[in-house]
Amino acid sequence: MNAAQSLLHLLLPATCHACGSVLVGNERLLCLDCQLALAGSPMPAAGGNPTELLMYGRTGCKAAASAMRFTQQSTVQRVVHAMKFHGSAELCVAMGRDLGGTLLASGRFDTVEALVPVPLHWTRRLRRGYNQSLLLCQGIAQVMPRTIEDSVLRRARATAQQSLRSGSQREANVTAAFTVRHARRLEGRHVLLVDDVVTTGSTLAACVDALSTIPGITISIATLCIAI
Ligand SMILES: [Zn+2]
């Protein structure tokens, strides 16, 4: 930290992106309490984990996993909220590194060749300033070096915020919302589809439907957390 940064830090102390408490010592982005809370909500990445059970029957994906359990009023929920609505781009990348660590440790995603973020419609990306799933991919790539392909899968139309809808509404909301272009970039490759939260799985299933039109593609799925 240089002198100017130190002064700024003194005047405007950095706060935890999840709980808002002032960060001390070596804490970065999240306070120690929140880091411990996240570490206390892990999900298994072994075969038959809840994300895989949710997605496998619907998509025939090769493997699927999430790093954390998402519950209401939890630290995980506050982190996801900060990622989506508080402009915490750096936090998205840090969480991507955590997710990458989970995937790497499982040994089940070693043959993945490319990372594909679930796209936002451009109007929402413009409002938010970034796509949190793309930033998650950048974090994953820091621990699991793979190319990121974010130009193939497109969100063809803006859909209403999924979190405000019921299960059947979500399904209808995302149907045919995704299209594919430059398909040859992913032909014959094993891709990892990445999103922040999986709830009903309808968004991911719609993405898999679109990607499945690409010849020879193999699809796995990773999300930062699963709401169960
Ligand atoms: Zn905190």
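Below, the structure is looked at part by part. (Residues numbered from 1 in each chain as written. Predicted model: local features only at pLDDT ≥ 70, side-chain atom pairs only at ≥ 80, totals over all residues. Heavy atoms only, no water.)

Further remarks concern the coordination of the zinc ion. Tetrahedral coordination by four donors places them ideally at 109.5 degrees to one another around the metal; octahedral coordination by six donors ideally gives 90 or 180 degrees. Taken together, C16 (SG), C19 (SG), C31 (SG) and C34 (SG) make up the full set of protein donors to the zinc ion, lying 2.3 Å away. Taken together, the 4 donor atoms coordinating the zinc ion and their angles of 105 to 117° define a geometry best described as tetrahedral. The sequence pattern describing where the donors of the zinc ion fall on their chain is C-x2-C-x11-C-x2-C. Here the residue C19 occupies a position in the loop between α1 (3-11) and α2 (32-39), and C34 occupies one in helix α2, the gap between them amounting to 15 residues. (Donors = N, O, S within 2.8 Å, 3.2 Å for Na, K, Ca; no water. Tetrahedral: all angles 85-135°; square planar, octahedral: opposite > 155°, others 65-115°. Helix = DSSP H or I, 4+ residues; strand = E, 2+ residues; numbered from the N terminus.)

With that settled, the discussion passes to helix α9 (residues 202-211). When you tally the buried positions in α9, you get 9 out of 10 residues, the bulk of the element. Among the residues making up α9, those that are buried are S202, T203, L204, A205, A206, C207, V208, A210 and L211. (Buried < 20%, exposed > 50% of the residue type's maximum accessible area, 1.4 Å probe, protein only.)

Our focus in this paragraph is the pairing of strand β7 (residues 218-227). In terms of burial, β7 is largely enclosed, as 8 of its 10 residues are buried. Relative to β7, strand β1 (residues 64-70) is paired through 6 bridges, and the arrangement is parallel. Residue A64 lies in a different strand from β7, and its bridge partner there is I221. In terms of strand pairing, strand β6 (residues 190-198) meets β7 through 8 bridges, oriented parallel. Each residue of the ladder has a partner; that of D195, found in β7, is T223. Handedness of the β-α-β unit built from β6, α9 and β7 comes out right-handed. (Pairing = 2+ DSSP bridges. Right-handed = clockwise from strand over helix to strand, strands pointing away.)

Attention now moves to the side chain of Q132. Looking at where Q132 falls in the secondary structure, it is placed in helix α7 (residues 132-143). Judged by its relative accessible area of 3%, Q132 falls in the buried class. Side chain to side chain, Q132 and D196 meet in a polar contact 2.9 Å long. Not counting chain neighbours up to four residues away, the residues in contact with Q132 comprise M83, K84, C92, L120 and D196. (Polar contact = N/O pair within 3.5 Å; in protein donor to acceptor, adjacent residues only side chain to side chain. Contact = heavy atoms within 4.5 Å.)

One finds L30, M95 and L103 to be the most contacted residues of the largest nonpolar core, which totals 42 residues. Contributions of two or more residues to this core are made by α2, β1, α4 (75-85), α5 (89-106), α7, β6 and β7. No other element matches the 7 residues that α5 contributes to this core. Here this core gathers at least three residues from each of two domains, domain 1 (1-39) and domain 2 (41-227). Not counting residues within four places of it along the chain, the set of residues in contact with L103 comprises A65, R108, F109, I140, M144, L192 and A222. One finds M43, A64, A206 and I214 within the second-largest nonpolar core, a separate group that totals 27 residues. (Core = buried A, V, L, I, M, F, W, Y, C linked by side-chain atoms within 4.5 Å. Domains from an automatic or database assignment.)

Looking now at the pattern of salt bridges. Pairs can form between side chains of opposite charge once their charged atoms are near each other. Across all of its chains, the model carries 5 salt bridges by this definition. Of the charged contacts in the structure, one is a salt bridge between D196 and K84, with a shortest N-O distance of 3.5 Å. Here the residue D196 occupies a position in strand β6, and K84 occupies one in helix α4, the gap between them amounting to 112 residues. We note that D196, like K84, is buried. Residue E149 pairs with R189 through a salt bridge whose shortest N-O separation is 3.4 Å. Pair noted here: E149 is in the loop between β3 (147-148) and β4 (153-155) and R189 is in the loop between β5 (178-180) and β6, with a separation of 40 residues, a long-range link. (Salt bridge = Lys/Arg side-chain N within 4 Å of Asp/Glu carboxyl O.)

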